[in-house]
Amino acid sequence: MLLHVVHETHYRYAPAVENAHHVVHLKPANRNGQSLLSYDLRIDPAPVQLRETVDVYGNTRSYFSLQAAHESLTVVADSVVSTSVANPLQSEASLSTGKSAPPPWEQVREQFRYRAGAAYDSASEFLFASPYVPRDEAFVEFARPSFLPGRPLPDAARDLMERIHSTMTYESESTEVNTPALEALQQGKGVCQDFAHIMVACCRAMGLPARYVSGYLLTSPPPGQPRLVGSDASHAWASVYCPGVGTWLDFDPTNNRAPGEDYVTLATGRDFLDVSPMRGVIRGGAQHILDVAVTVEPLPATTGN
């Protein structure tokens, strides 16, 4: 599937910002069954410095700085991405009949227990607490019913996803971007970011590597209604490492499904803080108004060739 994504961020400041330094994670990844065909980052006012680097998790990030006073800032990321189902093991049939049998979850937990002199596995970096995903017994208690003895890891993770979806209530503006996963779990409501954080926290609580994924989801307009420009939003889901099949398996607890070709991956990290679409440091601008608009639309198969 070919998807065109436009992510627009607008800031208005009062008083003016004297200078600013920002970092953005807005360039879609070239992995997980997707290929980036084109990408254009437009910034107004034009920065005096703009550079692109790759972070420790393999995500592309851009730094830019503004040295002149400005009362507004506009950042537009325009991308065309070719997507496919990232891993056939995501399907029910493949997970139960695939050639490589998924391991029991306890086997994976034991594999990642600390042992002096053991070979390094990069997935182990996603075992530990992070700023928005703390360790707490509440996550163990919530996760335990899904992790029955001997249960294959993908089955246990899928059951956990389903339970988060059925237990939590999706409610816009019920949390902030910096709301910890424990607080969202305790109040029983949140947005996609919170659902993803809770699933990551539960898996880590059971000794399993899990990471946070940021991206986009192609949504369908109501029947008879046109697709509205800017009406979509950023999305987030969780990814669990399954060494028996040598891959990360994605789960979207917000929508109770495995991500497919209608998803676009931006970046992966320990939690939202690692992959925030845009953050920075400014001097001035004591008050600001933020507007974000995201458009995800399918393109004809011939586009971008």
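Owing to the predicted nature of the structure, the values given are computational and were not obtained by experimental measurement.

It is at 10 Å that the axes of helix α4 (residues 153–167) and helix α6 (residues 192–205) come closest, and there the two elements cross at 140°. In terms of their interaxial angle, α4 and α6 are classed as oblique. Classified by chirality, the crossing of α6 by α4 is right-handed. Facing α4, whose interface residues are Ala157, Leu160, Met161, Ile164 and His165, α6 presents Phe195, Ile198, Met199, Cys202 and Cys203. Grouping the constituent residues of the contact of α4 with α6 by class yields 9 nonpolar, 1 polar and no charged.

Now for the side chain of Ser146. Mapping Ser146 onto the fold places it in the loop between α3 (137–143) and α4. Here Asp159 takes part through its side chain, which lies 2.7 Å from a polar atom of the side chain of Ser146. Dropping the residues within four chain positions of it, Ser146 is found in contact with Arg151, Ala156, Asp159, Leu160 and Arg163.

Turning our eyes to something else, we now look at the confidence of the model for the protein chain. Within the protein chain, residue pLDDT values average 90, and 90% of them lie at 70 or more. Taken together, the stretch residues 88–98 has pLDDT below 50 and engages in 15 contacts with residues farther than four places along the chain or on a different chain.

We now examine α6. Helix length check: α6, at 14 residues, gives a terminal C-alpha distance of 20 Å against a target of 20 Å (1.5 Å per residue), a fit within 8%. Of all 14 residues in α6, 13 are buried, a share of seventy percent or more. Positive backbone phi, at 85°, marks Gly207, one or two positions downstream of α6.

So, about the state of the cysteines. Disulfides are covalent bonds that link the sulfur atoms of two cysteine residues. As enumerated under the stated definition, the model contains 0 disulfides in all. Free of any disulfide, Cys192 has its nearest cysteine sulfur in Cys202, 17 Å distant. Left unpaired, Cys242 is separated from the closest cysteine sulfur, that of Cys203, by 11 Å.

Calculation criteria
- Residues numbered from 1 in each chain as written.
- Predicted model: local features only at pLDDT ≥ 70, side-chain atom pairs only at ≥ 80, totals over all residues.
- Heavy atoms only, no water.
- Axes fitted to C-alpha atoms, helices over the stretch in contact; angles between N-to-C directions.
- Helix = DSSP H or I, 4+ residues; strand = E, 2+ residues; numbered from the N terminus.
- Parallel < 35°, antiparallel > 145°, perpendicular 65-115°, else oblique.
- Left-handed = near helix turned anticlockwise from the far one by under 90°.
- Contact = heavy atoms within 4.5 Å.
- Nonpolar A, V, L, I, M, F, W, Y, C, P; charged D, E, K, R; others polar.
- Polar contact = N/O pair within 3.5 Å; in protein donor to acceptor, adjacent residues only side chain to side chain.
- pLDDT = per-residue confidence, 0-100.
- Expected span 1.5 Å × (residues − 1).
- Buried < 20%, exposed > 50% of the residue type's maximum accessible area, 1.4 Å probe, protein only.
- Disulfide = S-S within 2.5 Å.

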